[in-house]
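Report on the structure
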Amino acid sequence: MSFLEPANGPRNPVVGGPDLRRAAQQEHQQEVRRAGLAEQFDWATVYVATEPDTDRIVIHNAGDQHWVHAYSEYGFLPDARYGHDEVWHRQLKGADLRRQLPEHVGIELDHGLPHARMIARPKVRPIALEEAE
């Protein structure tokens, strides 16, 4: 016990690396519990269909809108659901998928399933002057 302890109170224990990691993990888990679906999507691993023999993500057209269907499980990919031997796909974090897509392409999670949700709406593409004429 030091002579300063009564004035300043007891010293705090020294925090080590494992303690910091544990605190960081607990804080991250609290953030995940409080986060909305779009934030959780960014942290989660998702699966998207790709074109055969390429790594290009399949983009679906619905009228004037463009969408990517991201799936929360490999088994939810349409080709996997229907038992195809080869399922062309890519596995990535939701945030990485967002970064790779242009703004005019929206993202739907688990398309075709009862719990499907829209993650990002496609933004309207500006019309080029040549297209307007």
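Residues numbered from 1 in each chain as written. Predicted model: local features only at pLDDT ≥ 70, side-chain atom pairs only at ≥ 80, totals over all residues. Heavy atoms only, no water.

Some thoughts on the nonpolar core
Across soluble globular proteins, nonpolar side chains show a tendency to be buried alongside one another. Operational definition: Buried Ala, Val, Leu, Ile, Met, Phe, Trp, Tyr and Cys residues form a nonpolar core when they are joined through side-chain atoms within 4.5 Å. Type-normalised accessible area, obtained with a 1.4 Å probe on protein chains alone, sets the label of each residue: buried when under 20%, exposed when over 50%, and partly exposed for intermediate values. In this description a helix means any DSSP run of H or I spanning at least four residues, a strand means any run of E spanning at least two, and both kinds are numbered starting from the N terminus. The contact criterion used throughout is that any non-hydrogen atoms of two residues lie within 4.5 Å.
Ranked by size, the top nonpolar core spans 14 residues in total, and within it F41, V48, V68, A70, L97, L101 and I107 carry the most contacts. Taken together, the elements giving at least two residues each to this core come down to β1 (45-49), β3 (65-71), β5 (105-109) and β6 (117-120). For this core, the element with the most residues is β5, which contributes 3 residues. Those residues in contact with L97 that sit more than four places away from it in its chain are F41, V46, V48, I57, V68, A70, L92 and I107.

Notes on the side chain of H69
For clarity, the threshold we go by: Counted as a polar contact is a pair of N or O atoms within 3.5 Å, where, for protein atoms, one must be capable of donating a hydrogen and the other of accepting one, and residues adjacent in sequence contribute only when both atoms are in side chains.
Here H69 shows up in strand β3. Looking at H69, the relative accessible area reads 11%, which means it is buried. A distance of 3.3 Å separates polar atoms of two side chains, one belonging to H69 and the other to H60. Setting aside residues no more than four positions away along its own chain, H69 makes contact with Y47, V48, H60, E108 and H111.

Bear in mind that shape data such as this cannot, by itself, settle questions of function.
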